[in-house]
Number of protein chains: 2
Amino acid sequence: MTPRYAQRMAKVQPSAIGELLALGADPSIISFGGGYPDATLFPATQLDAVFHEVLRQPGGAAMQYAPSNGLPRLRDQIAGLMTADGVPCTADDVLILQGSQQGLDFAARMLIDPGDVIVTEDPTFLGALIAFQPSQPDYAVVPVDAEGMRTDILAATLAANPRARMIYTVPDFQNPTGVTLSLARRKELIALANRHDLIVLEDTPYRHIRFAGESLPTLKSLDTEGRVIHLGSFSKVLVPGLRIGWAVASPDLLARMGLLKVAADTQTSTLNMAAASLFLDRYDLAAHIVTLRQAYARKKEAMLDAIRQYLPQDITATDPEGGLFTWLTFDEGFDATAFMRDVALPKARVAYVPGESFFPLTPRPNHARLNYSAPSEAMIRTGIAALGHALHAHRSLR
Amino acid sequence: MTPRYAQRMAKVQPSAIGELLALGADPSIISFGGGYPDATLFPATQLDAVFHEVLRQPGGAAMQYAPSNGLPRLRDQIAGLMTADGVPCTADDVLILQGSQQGLDFAARMLIDPGDVIVTEDPTFLGALIAFQPSQPDYAVVPVDAEGMRTDILAATLAANPRARMIYTVPDFQNPTGVTLSLARRKELIALANRHDLIVLEDTPYRHIRFAGESLPTLKSLDTEGRVIHLGSFSKVLVPGLRIGWAVASPDLLARMGLLKVAADTQTSTLNMAAASLFLDRYDLAAHIVTLRQAYARKKEAMLDAIRQYLPQDITATDPEGGLFTWLTFDEGFDATAFMRDVALPKARVAYVPGESFFPLTPRPNHARLNYSAPSEAMIRTGIAALGHALHAHRSLR
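Quick caveat: nothing in here was measured; it's all calculated off a predicted structure.

Here is what the cut-offs are and how they apply
- Residues numbered from 1 in each chain as written.
- Chains lettered and ligands numbered in written order.
- Predicted model: local features only at pLDDT ≥ 70, side-chain atom pairs only at ≥ 80, totals over all residues.
- Heavy atoms only, no water.
- Least-squares fit on C-alpha atoms with pLDDT ≥ 70 in both.
- Contact = heavy atoms within 4.5 Å.
- Buried area = accessible area lost by both parts, 1.4 Å probe.
- Salt bridge = Lys/Arg side-chain N within 4 Å of Asp/Glu carboxyl O.
- Polar contact = N/O pair within 3.5 Å; in protein donor to acceptor, adjacent residues only side chain to side chain.
- Helix = DSSP H or I, 4+ residues; strand = E, 2+ residues; numbered from the N terminus.
- Nonpolar A, V, L, I, M, F, W, Y, C, P; charged D, E, K, R; others polar.
- Domains from an automatic or database assignment.
- Pairing = 2+ DSSP bridges.
- Axes fitted to C-alpha atoms, helices over the stretch in contact; angles between N-to-C directions.
- Buried < 20%, exposed > 50% of the residue type's maximum accessible area, 1.4 Å probe, protein only.

Moving on, we come to the relation of the copies chain A and chain B. For the pair chain A and chain B, the superposition axis carries a translation of 0.0 Å, the fit reaches an RMSD of 0.0 Å, and the rotation angle comes to 180°. Viewed as a symmetry operation, the transformation between the two copies matches a two-fold axis. Comparing contact sets, 100% of the residues at the interface of chain A also lie at the interface in chain B, consistent with an isologous, same-surface contact.

Written as structure tokens, this is what we have:
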């Protein structure tokens, strides 16, 4: 392509991790790599029933174009779910998105000029970094501990970054670390956003996959100045193949996101919205979520048991209260990317996501994200045993 | 919202026509306003069958995450359709999009910096102007006649616009005028793009809704330098509610669009892609398209007959060889926007799309776009009669 276009096209860069992850798609590999929910838990029979019903409705409305911001009934139902979760709102406060991923894209397009700073956890969700990248942000990062983002450090970070415009956070069972932002820190984050005139992008794809304890209030429910853009998703509580997410935000922000929706793809699939809406009418989503929680809690325990049994003892794994991931920490100097490429994939036939991609600024290669939702308990045990064997063998070679 | 964000958010502006069109959604109004295909022609029974089958496939793959560029089988099938239509290609040349609208958004995001010039027909598709707007282009416009874009004037326009970066065209049964770019002009357009180092964005949502004559070669099939981004869509030949479109472009351009896809929404709905793919395997799309052509040809004739019968004789309507629209030209000085707001909607209870929104630079209010695909033949006759009555009455008041 000619030089004239090359500079413009350079706005969009490939992710370094993409090719490595593609290798993990080989079915002979036990993959802890994807953020995939457990397909055996998909409500296939119910979805079959609701798709059948919407496709046979007289008039064919489910197959036709729909309002850009989403079917009114579905927005109303989601407003009901949000209200029950502590964010009083109506259908007008809800924008249906093509997965919550689209909300990440829209927030950056709407708020970030090149060189503006996005503040994130360190590490943070890789997919968000990919979504933000075409808007060409700079980053300031804040470490996390067992209580989530270090909001004491956040205060100093904001003071040092006058170009900060948005705080991006995954406050419940964060991807990739699994940690949850404590209530005290949620309040501090909101206070800091108010003080520094920032937007907060709250991304909650795993919020309802909670194994123990009570849900903490969303940042949106603590938002006193209309600064929080709250993103939700059905991908982990229904099925990812529907691609239905949503944003709840102040009228000003939501209206702008709505205009971006018209521009970006006109609408999310009418069929999928209609089917999801009918599912919520016909079936008990809360009961389905209870089933998911129980199943994922068992799988998490299976993985942590296997890690304790098979991996070298000094490798630590987070024990999240919910979500789909555990985050491993290896000793300093260990390169999880090289290990996956040279040992885990070809020899142990196991994939994970090397941790360094999740760091916006300074990669720390001695980490890995492991997903326990997708593989069966038997495959978890087998895969972790093989990984442990390879790690032990690797050490004896030093 | 604070001033700091207002400037950034101003990148996204509402469409002036949106509110007026929303009024036309009232079911007591006969609407010629939408670009809606005829819902009575939707293959509901077949879609019901394929959704049922994909939802009950063991393993639930249709409900899970899918590759970002689209299910390989569907890309392969689309490559087959493109090859049969004169563009030899394989699955690797195809990117699945959230409707072809997403291709408009991606092309602008990838190629246009603020102030770069997009060259379009005058008038052009309003939805494209909405898609391009966040990238903040300037426009240069080229009039159309019965053979489509005036490529003789295009040559002068390009010479006068060194910041031109992209030519956007709907060469088959254009929205809104219905005209088709002749073969001679297609070759001239490609030659001019080559000479001036431009990308050509070829948008073909109506291409297969042809009533008479033979399809002309796509611009993509005439592309010698990899400059044409070809967008296709199932919205008008299957159903809009699936939101499945595609791009075919040179590897460089397609790869960048693929990265934008990962960033923008991760993927189009797996379920819809799987169902569309199975539909193409099970059923005869070409036979379905023949049915659509016959039905829409009849409706076009019904509308043109009614226009000849009921509207003042000096109002002209295009007689397209395909597509969903006819374009009316009223006398100079007639304001179709005001007439719709003040007379057609409230009194005649008829909606159309006022033409002025389709002009990127200088609006010409004495036009209207009428859609004949959505309403029944009876409603076409009734609505055009009411419109004609109102127009005659309006004249007698002058």
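Taken together, the 74 residues of chain A in the interface contact 75 residues of chain B. Around 6,600 Å² of area is buried between chain A and chain B when both sides are counted, 54% of it from carbon and sulfur atoms. Taken together, the links from chain A to chain B amount to four salt bridges. For the salt bridge of R109 of chain B with D105 of chain A, the shortest nitrogen-to-oxygen distance reads 3.0 Å. Counting the contacts that link chain A with chain B gives 31 residue pairs in polar contact (both at pLDDT 80 or more). Secondary structure elements with two or more residues in the side of chain A that touches chain B: α1 (3-9), α3 (44-55), α5 (99-111), α6 (126-132), β6 (164-169), α9 (251-264) and α10 (270-282) of chain A. Among the elements that line the side of chain A that touches chain B, the one with the most residues is α9 of chain A, at eight residues. Class assignment of the residues belonging to the side of chain A that touches chain B gives a composition of 37 nonpolar, 21 polar and 16 charged.

Moving on to the domain arrangement of chain A. All names here are of chain A. By the assigned domains, chain A splits into domain 1 (9-43 + 287-397) and domain 2 (47-282). A straight line from the C-alpha centre of domain 1 to that of domain 2 covers 25 Å. Contacts between the two partners involve 34 residues from domain 1, matched on the other side by 34 residues from domain 2. When the two sides are added together, the surface that domain 1 and domain 2 hide from each other amounts to roughly 2,900 Å², 68% of it contributed by carbon and sulfur. The interface formed by domain 1 and domain 2 contains one salt bridge. Of the charged contacts, one joins E321 and R210 as a salt bridge, the two residues approaching to 3.4 Å between their closest N and O atoms. Looking at the side of domain 1 that touches domain 2, the elements that each hand over two or more residues are α11 (285-310) and β11 (325-329). Counting residues per element, the side of domain 1 that touches domain 2 draws most heavily on α11, which supplies seven residues.

Whenever strands of a sheet pair, they do so through backbone hydrogen bonds, lying parallel or antiparallel. Residue and element names in this part refer to chain B. With mixed pairing, the eight strands of this open sheet are ordered in space as β2-β9-β8-β7-β6-β3-β4-β5. A strand with exactly one partner marks an edge of an open sheet, and here the two such strands are β2 (94-97) and β5 (148-149). For strand β3 (residues 117-122) and strand β4 (residues 138-145), the ladder comprises six bridges, and the chain directions are parallel. Residue pairing across strands places D122 opposite P143, the latter belonging to β4. Sitting on the sheet, helix α7 (residues 151-160) touches β3, β4, β5 and β6 (164-169), and the angle it makes with β4 is about 160°. In the packing of helix α9 (residues 251-264) onto the sheet, the strands contacted are β2, β7 (199-203), β8 (228-233) and β9 (245-248), and the crossing angle to β2 comes to about 30°.

Residue and element names in this part refer to chain B. Burial analysis of strand β11 (residues 325-329) places four of its five residues in the buried class, the great majority of the element. In this sheet, β11 lies alongside strand β10 (residues 316-317) in antiparallel orientation, the contact comprising two bridges. Counterpart to T316 in the pairing with β11 is T329. In terms of strand pairing, β11 meets strand β14 (residues 367-371) through five bridges, oriented antiparallel. Counted as the bridge partner of F325 is N371 from β14.

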